[in-house]
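# Coordinates in review
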Amino acid sequence: MALIDFNRPYLTGKEAHYMYQAVFNKRLSGNGMFTKKCQQFFEDRYGFKKALLVTSGTDALEMCAMLCELKPGDEVIVPSYTFVSTALAFIREGAKVIFADSMEGNPNIDAEKLENLITPRTKVIVPVHYAGVACDMDAILDVANKYHLMVVEDAAQAVDSYYKGRPLGSIGHLGAFSFHETKNITAGGEGGLLVINEERFLRRAEILWEKGTNRAEFFRGAVNKYGWVDTGSSFLPAEINAAFLWAQLENLEEVQSKRRALWERYYAGLQDLGAEGKISLPQVPDYATNNGHMFYFVCRSLDERTSLIRYLKDKEIQAPFHYLALHKSDYYLANNAERPNLPNTDRYTDCLIRLPMFYELQFEDVDTIVNEIRMFFN
Ligand SMILES: *Cc1c(COP(=O)(O)O)cnc(C)c1O
């Protein structure tokens, strides 16, 4: 039997063609034609006030953190069950990260328990839409409004997904998407998008994006020279990456529907095991949509998950786990005295397993994987 990879990069059609066109146009640095086409696509389709293409989801989060204008000691509430960048982006700005627990039924941040974490120093809440499934945004916004906090959506996994009909990334003050190779669509390996939903952040966002200069205004003809006006970095991706992303955006519908169909097939195949209580299947609340980013389930124990991963590996099926709880990371423990107790985060760290999911995965492969998992549990 052939090896079933966990993820495989794919071409949906005209990636190479558009990359060639970018080269042929002799315009390879950032903010060119393909960058503008991609940004326009997001603004038109999802109603983002402004979308800026950046070099990674991590960079989009770093720009969000810079736009929050934090002072040393300001506190930012982040789930512990997430990728490192969600927390690191704010730590780099001198903030103190306060880790929140996940919900019992789904790895998203538990909005019911948020208020306990608020202090006079709290400035930002960062909901992460895990697996592209929306956090309970109304509950989060209620707390944010009550305490005048910023909301930054880590929508890295959440392209083309919705909360009560509203596109994810459009609900908080700022949002961050990733186009890394492992996400639903990719900008040729690495890429991201910063979303700005409020007018007041627009000018500074463009300056941070353009290495602390007002070059974007200059190119629009708004000023007659440009220079150094603020902090910033080189956050613009090259046109080659934007060209690759443009081809994927043209095929977004197809990518999403294929991924959702694969997800549904896994879910149907594993439903019995869920009903028998042998595994916990993913839950998509009524307020959320499923963008087919990830198929995961939760085992009953760490030992069982370890045996299952080993069993699947013997059958040449790659099924990894993630994340290691950030509140138990070496970096956090070395730099913080607090030892928060986050039982749901610990359970997901120990027991969650991910199954292969990518555009070119075959339905027969899903059936094979499902059958192996059923054999393991029965
Ligand atoms: C992938 C991911 C990131 C980082 O995105 P990169 O493009 O890899 O920098 C951040 N947060 C979450 C939740 C992610 O899944």
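Residues numbered from 1 in each chain as written. Predicted model: local features only at pLDDT ≥ 70, side-chain atom pairs only at ≥ 80, totals over all residues. Heavy atoms only, no water.

### Some remarks on the nonpolar core
- Core analysis: the largest hydrophobic core is formed by 54 residues, its most contacted members being Phe-42, Phe-179, Ile-185 and Leu-193.
- With residues near it in sequence (within four places) discarded, Ile-185 still touches Tyr-10, Val-159, Ser-178, Phe-179, His-180, Leu-245, Gln-248, Leu-249, Leu-252 and Val-255.
- One finds Val-54, Leu-67, Cys-68 and Ala-176 within the second-largest nonpolar core, a separate group that totals 37 residues. (Core = buried A, V, L, I, M, F, W, Y, C linked by side-chain atoms within 4.5 Å. Buried < 20%, exposed > 50% of the residue type's maximum accessible area, 1.4 Å probe, protein only. Contact = heavy atoms within 4.5 Å.)

### Details of the pattern of salt bridges
- Under the definition given, this model contains 23 salt bridges.
- Arg-121 serves as the salt-bridge partner of Asp-74, at 3.3 Å between the closest nitrogen and oxygen. Taken as a pair, Asp-74 in the loop between helix H3 (57-67) and strand E2 (75-79) and Arg-121 in the loop between strand E3 (96-100) and strand E4 (122-125) lie far apart in primary sequence, 47 residues in all.
- Of the residues examined, Asp-74 reaches a relative accessible area of 2% and is grouped as buried.
- The salt bridge involving Asp-346 is made with Lys-328; its shortest N-O contact spans 3.1 Å. One end of the pair, Asp-346, is in helix H12 (residues 343-351); the other, Lys-328, is in the loop between helix H10 (302-314) and helix H11 (330-335), with 18 residues separating them in the sequence.
- Here the salt bridges do not stand alone but share partners, grouping Arg-45, Asp-160 and Glu-253 into one network. (Salt bridge = Lys/Arg side-chain N within 4 Å of Asp/Glu carboxyl O. Helix = DSSP H or I, 4+ residues; strand = E, 2+ residues; numbered from the N terminus.)

### As for helix H9 (residues 252-275)
- For H9, spanning 24 residues, the distance from its first C-alpha to its last is 33 Å, which sits close to the expected 34 Å at 1.5 Å a residue.
- By the largest-angle criterion, Gly-269 marks the main kink of H9, which is about 40°.
- Of all the positions in H9, only Leu-252, Val-255, Gln-256, Lys-258, Arg-259, Leu-262, Trp-263, Tyr-266, Gly-269, Leu-270 and Leu-273 are classed as buried.
- The secondary structure elements touched by the buried residues of H9 are helix H2 (33-46), helix H8 (239-250), strand E10 (295-298), strand E11 (352-355) and helix H13 (363-377).
- A positive phi of about 80° marks Gly-277, the residue just after H9. (Expected span 1.5 Å × (residues − 1). Bend = angle between axes of the 7 residues up to and from the residue.)

### A look at the sheet that holds E3
- The strand order across the open sheet formed by seven strands is E1-E9-E8-E5-E4-E2-E3, and the pairing between neighbours is mixed. Each of the sheet's edge strands pairs with one partner strand only, and the pair in question is strand E1 (50-54) and E3. Averaged over neighbouring strand pairs, the angle between their axes works out to 25° when direction is ignored.
- In terms of strand pairing, E2 meets E3 through five bridges, oriented parallel. Pairing of Val-78 across the sheet is with Phe-99, part of E3.
- Set on the sheet, H3 makes contact with E1, strand E5 (150-154), strand E8 (174-178) and strand E9 (192-196); between it and E8 the angle comes to about 165°.
- On the sheet, helix H6 (residues 202-209) packs against E1 and E9 and is oriented at approximately 10° with respect to E1. (Pairing = 2+ DSSP bridges. Axes fitted to C-alpha atoms, helices over the stretch in contact; angles between N-to-C directions.)

### Things to note about the site of the ligand
- The full set close to the ligand counts 16 residues, and Gly-57, Thr-58, Gln-157, Ser-178 and Lys-183 are the nearest of them.
- Within the backbone of Gly-57, a nitrogen or oxygen atom sits 2.8 Å from an oxygen atom of the ligand.
- It is H3 that contributes the most residues to the shell around the ligand, three residues altogether.
- A breakdown of the residues in the shell around the ligand according to their chemical character gives five nonpolar, nine polar and two charged. (Near = heavy atom within 4 Å. Polar contact = N/O pair within 3.5 Å; in protein donor to acceptor, adjacent residues only side chain to side chain. Nonpolar A, V, L, I, M, F, W, Y, C, P; charged D, E, K, R; others polar.)

### Structural notes on the pairing of E8
- In terms of residue burial, E8 counts as a mostly covered element, since five of its five residues are buried.
- Covered by surrounding structure in E8 are Leu-174, Ala-176 and Ser-178 together with Gly-175 and Phe-177, the residues of both alternating faces.
- Pairing geometry for E5 and E8, over three bridges, is parallel. Opposite Glu-153, over in E8, you have Gly-175 as the bridge partner.
- One ladder, built from five bridges, connects E8 with E9; its direction is antiparallel. Within E9, the position partnered with Ala-176 by the bridge is Leu-194.

### Some remarks on the side chain of Glu-217
- Examined against the element boundaries, Glu-217 turns out to sit in helix H7 (residues 215-219).
- Exposure remark for Glu-217: the relative accessible area of 14% places this residue in the buried category.
- When residues no more than four places from it in sequence are discounted, the contact partners of Glu-217 are Arg-203, Glu-206, Ala-222 and Val-223.

### Remarks on a nonpolar patch on the surface
- Among the surface-exposed residues, Phe-83, Val-84 and Leu-88 lie close enough to one another that they form a single nonpolar patch of about 260 Å² accessible area.
- Structurally, Leu-88 can be placed in helix H4 (residues 84-91).
- By relative accessible area, Leu-88 is classed as partly exposed at 36%. (Patch = residues over 30% accessible without salt bridge, like charges linked within 9 Å, V, L, I, M, F, W, Y side chains within 5 Å. Areas by Shrake-Rupley, 256 points an atom, 1.4 Å probe, with all protein chains shown as cover.)

### Description of the side chain of Asn-31
- Inspection of the secondary structure puts Asn-31 in the loop between helix H1 (15-24) and H2.
- Those residues in contact with Asn-31 that sit more than four places away from it in its chain are Lys-36, Trp-209, Glu-210, Leu-236 and Glu-239.

### Some details on the confidence of the model for the protein chain
- Summary statistics for the protein chain give a mean pLDDT of 96 and a share of 99% for residues scoring 70 or more.
- Averaged over each element, pLDDT in the protein chain is lowest for H7 (89) and highest for E5 (99). (pLDDT = per-residue confidence, 0-100.)

### With respect to the packing of aromatic side chains
- Tallying each qualifying case throughout the model produces 24 aromatic pairs.
- A centroid spacing of 6.3 Å and a plane angle of 90° characterise the contact between Phe-41 and Trp-246, whose relative ring orientation is edge-to-face. Here the residue Phe-41 occupies a position in helix H2, and Trp-246 occupies one in helix H8, the gap between them amounting to 205 residues. Accessibility classification places Phe-41 together with Trp-246 in one group, the buried group.
- Lying across the ring of Tyr-359, Lys-258 places its NZ or CZ 5.6 Å from the centre.
- Over the ring of Tyr-348 we find Arg-347; its NZ or CZ atom is 4.9 Å from the centre of that ring. (Phe/Tyr/Trp six-rings, centres within 6.5 Å; stacked < 30°, edge-to-face > 60°. Lys NZ or Arg CZ within 6 Å of the ring centre and 35° of its normal.)

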